[in-house]
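Survey of secondary and tertiary structure
Letter by letter, the chains look like this.
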Amino acid sequence: MRAFHRTHPEVDLDVVMLFDIETAVAAVRSGTIDASFRAVAAPGRPLPEDIESVRVLDEPLQLLTGPAHALAGARSVTMARLTGHRIWMPGIVPGTEWAAYYDDLVAEFGLTIEATGPNFGSDALLDTVADTPALATFMGGHTRLVWPAGHGLRRIPVTDPTPVYPHSLLWHRDNPHPALGTLRAHLAAAAAGHDAAGTWRPGWVLQH
């Protein structure tokens, strides 16, 4: 979206990420927002007929560790090598599509993902991971975060396969906003394709 706003500064368009897909669908149906980025469709939750969607980005996950973590020196890490390591992701809420994504990731690769503990935001998460050698977390490869240099955090690509989080754009079929077409064209031009060789995503993710 930053790239879209840089190239189309004149466009007034509300595109947001909301807590869960039900909230997002309700917001685009009511006109509260114009569109939302989600992973669709969560298992057993087909989209309403008046909601359109298009898959726009497969975002690779990276492993984030502190400097004393056992994998901190790795240039990349395979999924198999993550087995037995504690991956801490506080705030995962059961019933959301992102909870379904990580449930499937755990089931497929035998990972240990811990969602316990309060979620005090990204700063607190980074502080804890930096100071706790036994903990790591997953982070989207396109997520931009700035942390103190003293944290010594490492962002490590995950391979064989690379898990990708599938972002789709949702909008109401009857939304007349003229910029929606412009946004979809921009995202289509920027997309690198989906389901690339060597990547993984849950089987319930919509193909288009």
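Figured I'd write up the structure that's included with this text. Every value quoted in this text rests on a predicted model; they were computed, and no experiment measured them.

Here's the deal with the pairing of strand 9 (residues 162–172)
Most of strand 9 is tucked away, with eleven of its eleven residues classed as buried. Alternating residues of strand 9 divide into Thr 162, Val 164, Pro 166, Ser 168, Leu 170 and His 172 and Pro 163, Tyr 165, His 167, Leu 169 and Trp 171, and every residue in both groups is buried. Where strand 2 (residues 35–38) lies against strand 9, four bridges are found, and the strand directions are antiparallel. By the bridge assignment for strand 9, Ala 35 is matched with Trp 171. Alignment of strand 3 (residues 51–65) against strand 9, held across nine bridges, turns out to be antiparallel. For Glu 59, the partnering residue across the bridge sits in strand 9 and is Tyr 165. Where strand 9 and strand 10 (residues 199–200) come together, two bridges link them in parallel fashion. Residue pairing in the sheet places Thr 162 in a bridge with Thr 199 of strand 10.

What to know about the nonpolar core
Core analysis: the largest hydrophobic core is formed by 27 residues, its most contacted members being Leu 63, Leu 82, Tyr 102, Leu 105, Leu 111, Ile 113 and Phe 138. Counting residues per element, this core draws most heavily on helix 3 (residues 97–109), at six residues. If we ignore the near neighbours within four places in the chain, the residues touching Phe 138 are Leu 61, Gln 62, Leu 63, Leu 82, Ile 87, Met 89, Tyr 102, Leu 105, Leu 111, Ile 113 and Val 158. In terms of nonpolar packing, the next biggest core, distinct from the first, is built from nine residues, Trp 88, Leu 126, Ala 130 and Leu 153 among them.

Comments concerning unusual backbone geometry
Cis geometry is adopted by the peptide bond preceding Pro 161, which originates at Asp 160 and carries an omega value of -5°. With respect to the element layout, Pro 161 can be found in the loop between strand 8 (154–159) and strand 9. A positive phi angle, close to 50°, is found at Asp 160, a residue other than glycine. Mapped onto the secondary structure, Asp 160 falls in the loop between strand 8 and strand 9.

Conventions and cut-offs
- Residues numbered from 1 in each chain as written.
- Predicted model: local features only at pLDDT ≥ 70, side-chain atom pairs only at ≥ 80, totals over all residues.
- Heavy atoms only, no water.
- Buried < 20%, exposed > 50% of the residue type's maximum accessible area, 1.4 Å probe, protein only.
- Helix = DSSP H or I, 4+ residues; strand = E, 2+ residues; numbered from the N terminus.
- Pairing = 2+ DSSP bridges.
- Core = buried A, V, L, I, M, F, W, Y, C linked by side-chain atoms within 4.5 Å.
- Contact = heavy atoms within 4.5 Å.

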